[in-house]
Amino acid sequence: MPKLTSKLPILLLVGTSLSLAACAKKPPKELPPQPTATSTTTEPSGQPVGPTPGSQADFLASVLADTIHFDTDRYNVDTESQGILQSQAQWLSRYPGKMVTLEGHADERGTRDYNIALGERRANAAKNYLVSLGVDASRITVVSYGKERPIALGSDEASWAKNRRAVTVTVQ
Amino acid sequence: MKTAKFALLIGLASLPSLALPGLAFAQVQQLPASSASPAAQPAPADAGGLTGSVTDESEWQDLGIAIPAFPTDTSVATAAEGGNTEALGRNLARVVYNDLKNNGLFKPVGPDALPGIGFFQVTAPSFDFWRGRSAEMLVQGFVKAAPDGKLTVGCYLYDVALGSELIRQGYVVQPNEWRRAAHKCADMVYSRLSGENPFFDSKIAYIAETGPKDHRRKQLAIMDSDGANHRFITNGQATALTPRYSPDYSKIVYLSYLNGYPRIYVYDIGSGQQRLVTEGKGPTFAPRWSPDGKFILYSMAIGGNTDIYRVSAQGGPSTRLTNTPGINVGGSYSPDGSRIVFESDRSGSQQVYVMNADGSNQRRISFFGGRAATPEWSPRGDQIAFTHIAGNFRIAVMDPNGQNVRDLTDSWQDEAPTWSPNGRIIQFFRTERNSGKTGIWQVDLTGRNERKLNTPVDASDPAWGPVLP
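How each quantity is defined
- Residues numbered from 1 in each chain as written.
- Chains lettered and ligands numbered in written order.
- Predicted model: local features only at pLDDT ≥ 70, side-chain atom pairs only at ≥ 80, totals over all residues.
- Helix = DSSP H or I, 4+ residues; strand = E, 2+ residues; numbered from the N terminus.
- Buried ≥ 20, exposed ≤ 12 C-beta atoms within 10 Å, placed from the backbone.
- Contact = placed C-beta atoms within 7 Å.
- Pairing = 2+ DSSP bridges.
- Axes fitted to C-alpha atoms, helices over the stretch in contact; angles between N-to-C directions.
- Parallel < 35°, antiparallel > 145°, perpendicular 65-115°, else oblique.
- Left-handed = near helix turned anticlockwise from the far one by under 90°.
- Nonpolar A, V, L, I, M, F, W, Y, C, P; charged D, E, K, R; others polar.
- pLDDT = per-residue confidence, 0-100.
- Right-handed = clockwise from strand over helix to strand, strands pointing away.
- Core = buried A, V, L, I, M, F, W, Y, C linked by C-beta atoms within 7 Å.

Quick look at the overall build of chain B
Working step 1: Within chain B, the secondary structure is distributed over three helices and 31 strands.
Working step 2: The buried share among the 469 residues of chain B stands at 49%.
Working step 3: Taking the intrachain contacts of chain B between residues at least 6 apart in sequence as the baseline, contacts between residues at least 24 apart amount to 47%.

What follows is the structure in structure tokens.
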């Protein structure tokens, strides 16, 4: 897939993430009952204060993005994704007690079993890059959702590009 | 097993002796002969399987089969559907009619379009009447209720033109298993007329889907091969995927996100209990049974690399069968258990490979356009069904050596084939573009007879079990 189209959703997500200062992410242990949208869940917050240091909201406000994207059937971490993960590694170095879960996803245009394996592979690629930046591997848990939890709902290249992703979620 | 209450009838002349509580296996004996002359016995159903080509079945389309309501000797109350044996007799004939109609080989006419027959006519058909209605074949049956509530169902197949009886069977069932008697009757007719092995009296495990595309609830569910007796197994709190019935129907192995991560569980239908297949350190998925039910194949990812493992169905240590960089996933045993067909992207994209059951001699068999995924070996051994990804996703079959590839479906996204017990029909699930709605479909090996199964909600990941004993 052409590079330009794969970049677009990242830029959109950055904007989304920054605007959702009060975004609340549940840790994966609480996820199974119902799929939870990755970065669109908002909780009403009338407090004008900044996010609590070390919180998921602080994480989202501090990093370039919580999500990196992949080309079809690929799992390599490209240059832009490296920049995103570097910003995440910096945050993690500030909060050495914090754990994260890396959620790997695939688009709908794949068979179910393979996509679980592919999501696992992508999340591990992101994990390995964070580890190469000095994050202790024991702080990172990986989970694959295959094609089970799309965030973009169309059946088109733009939607699939958004769904081929690895999302870093802090464990609160 | 819950099949203990089912018995093929041994002889209608000795009805009182038919109370055979706890009989575990079907027994076969003759019903009273009809007054029609018996036809010459056919050659036994072949055991060799299809070889290469598929018979053109178009001529079967004209085989008109009349199936009037099954009369009863005395209409009495029954717990089976209908409330009394007279109404039940009509429901039995309806089930037989729908089985044969949905198969695509026959053009049956059911009880709602035919006059009823008298009880005495079951064994003394009015052939002239049926010839006048252009029926070529005639299925007649009856139903009786014993004082203990058990039902006796007789099933006769007549050749109208010859005026002769082709075959007959009787069944004793508990009222709540009345549909099985009708499926056995349809199986008898199908087998006698097609020469193929039966398949109607079987069950399907699948995933029931509800909710919007980004909040999809996925529950483990089971149903009979015709969609009846539907039952949810899990409540949808945890996403459930990819079930497979054990060969004896006592268990279902499936994937659940129960504790937040994808893991395979063995669910015991009788007790409602489930356990992890393995305490392995990585996520486990894509579970499959061996044909004898003694082993489970599964795939496990370690550090992003996925390989196929085998573990005893009782638990214990696992044996790793693949060991290559990339994603090795799925796996389906040949019917004799000697080989496994599986999927791997070790060559760069999803392709189909075959290995010996111990993991030795791994070789790629798919060398055609596009990707090939989710291979499933036919219970007859002669074909491998798979998902053919070339632009759209189609259900396709090929020989076990990778030759003679044929696409059977043509839609936007058809995937995950599962074989009927006789290897003549393939079920799969179809996903609608954009909406993400799913449904279970089936297609026969000619690719001509395709239909959607009726399920209460959206459905995916069908897994067809064997014919019940």
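What about the overall build of chain A?
Working step 1: Scanning chain A for helices and strands turns up five helices and four strands.
Working step 2: Taken from the N to the C terminus, the helices and strands of chain A come in the order α-α-β-α-β-α-β-α-β.
Working step 3: Relative to its full complement of 172 residues, chain A shows a buried share of 50%.
Working step 4: For chain A, the proportion of contacts with a sequence separation of at least 24, taken over those separated by at least 6, is 73%.

Concerning the sheet that holds strand β14 (residues 274-276) of chain B
Residues and elements named next belong to chain B.
Working step 1: Spatially, β11-β12-β13-β14 is the arrangement adopted by the four strands of the open sheet, whose pairing is antiparallel. At either end of the open sheet lies a strand with only one pairing partner, and these are β11 (240-245) and β14. Sheet twist, expressed as the mean angle between neighbouring strand axes with direction ignored, is 25°.
Working step 2: In terms of strand pairing, strand β12 (residues 251-256) meets strand β13 (residues 263-268) through six bridges, oriented antiparallel. By the bridge assignment for β13, Lys 251 is matched with Asp 268.

With respect to the sheet that holds strand β3 (residues 140-146) of chain A
All names here are of chain A.
Working step 1: In spatial order, the strands read β1-β4-β2-β3; together these four strands make up an open sheet with mixed pairing. A strand with exactly one partner marks an edge of an open sheet, and here the two such strands are β1 (67-69) and β3. For this sheet the average axis-to-axis angle between neighbouring strands, irrespective of direction, equals 20°.
Working step 2: Looking at chain direction, strand β2 (residues 99-105) and β3 are connected through six bridges and run parallel. Bridging from a neighbouring strand, Val 100 pairs with Ile 140 of β3.
Working step 3: Relative to β1, helix α3 (residues 79-94) is tilted by about 155°, and along the sheet it contacts β1, β2 and β4 (165-171).
Working step 4: Running at roughly 155° to β3, helix α4 (residues 112-132) makes contact with β1, β2, β3 and β4 of the sheet.

Brief notes about the packing of helix α1 (residues 85-103) of chain B against helix α3 (residues 178-194) of chain B
Residues and elements named next belong to chain B.
Working step 1: The interhelical angle for the contact between α1 and α3, taken along N-to-C directions, is 45°, at an axis separation of 9 Å. The pairing of α1 with α3 is recorded here as oblique in orientation. Once α1 is placed against α3, the crossing between them reads as right-handed. Along the contact surface, α1 presents Leu 88, Leu 92, Val 95, Val 96, Asp 99, Leu 100 and Asn 103, while α3 presents Trp 178, Arg 179, Ala 181, Ala 182, His 183, Cys 185, Ala 186, Val 189 and Tyr 190.
Working step 2: Residue classes in the contact of α1 with α3 are distributed as twelve nonpolar, two polar and two charged.

As for the confidence of the model for chain A
All names here are of chain A.
Working step 1: Per-residue pLDDT for chain A averages 82, and the proportion of residues at 70 or more is 72%.
Working step 2: Overall, residues 1-33 carries pLDDT values under 50, and its contacts beyond four positions in sequence, including any with other chains, amount to 71 contacts.
Working step 3: Across residues 35-41, confidence stays below pLDDT 50; counting only partners more than four residues off in sequence or on other chains, it has 21 contacts.

Description of the packing of α3(A) against α4(A)
All names here are of chain A.
Working step 1: At a minimum axis distance of 10 Å, the contact between α3 and α4 shows a crossing angle of 55°. Judged by the angle between their axes, α3 and α4 are oblique. As for the relative orientation of α3 and α4, their crossing is right-handed in sense. Residues Gln 82, Leu 85, Gln 88 and Ala 89 of α3 form the contact with α4, whose participating residues are Ala 126, Tyr 129 and Leu 130.
Working step 2: Among the residues making up the contact of α3 with α4, the classes are represented as five nonpolar, two polar and no charged.

A short note on the pairing of β2(A)
All names here are of chain A.
Working step 1: By the criterion of burial, β2 is predominantly enclosed, with six of the seven residues buried.
Working step 2: In the sheet, β2 pairs with β4 via six bridges, with the strands oriented antiparallel. Along β4, the bridge assignment pairs Gly 104 with Ala 166.
Working step 3: In the classification by handedness, the crossover that spans β2, the intervening α4 and the parallel β3 is right-handed.

A look at the nonpolar core
All names here are of chain B.
Working step 1: Ranked by internal contacts, the top residues of the largest apolar core, which has 77 residues, are Tyr 206, Val 253, Tyr 254, Val 277, Tyr 298 and Ile 426.
Working step 2: When near neighbours in sequence (up to four residues on either side) are disregarded, Ile 426 contacts Ala 385, Ile 395, Leu 408, Pro 417, Thr 418, Trp 419, Gln 442 and Val 443.
Working step 3: Membership of the second largest hydrophobic core comes to 48 residues, among which are Phe 70, Leu 88, Leu 157 and Phe 199.

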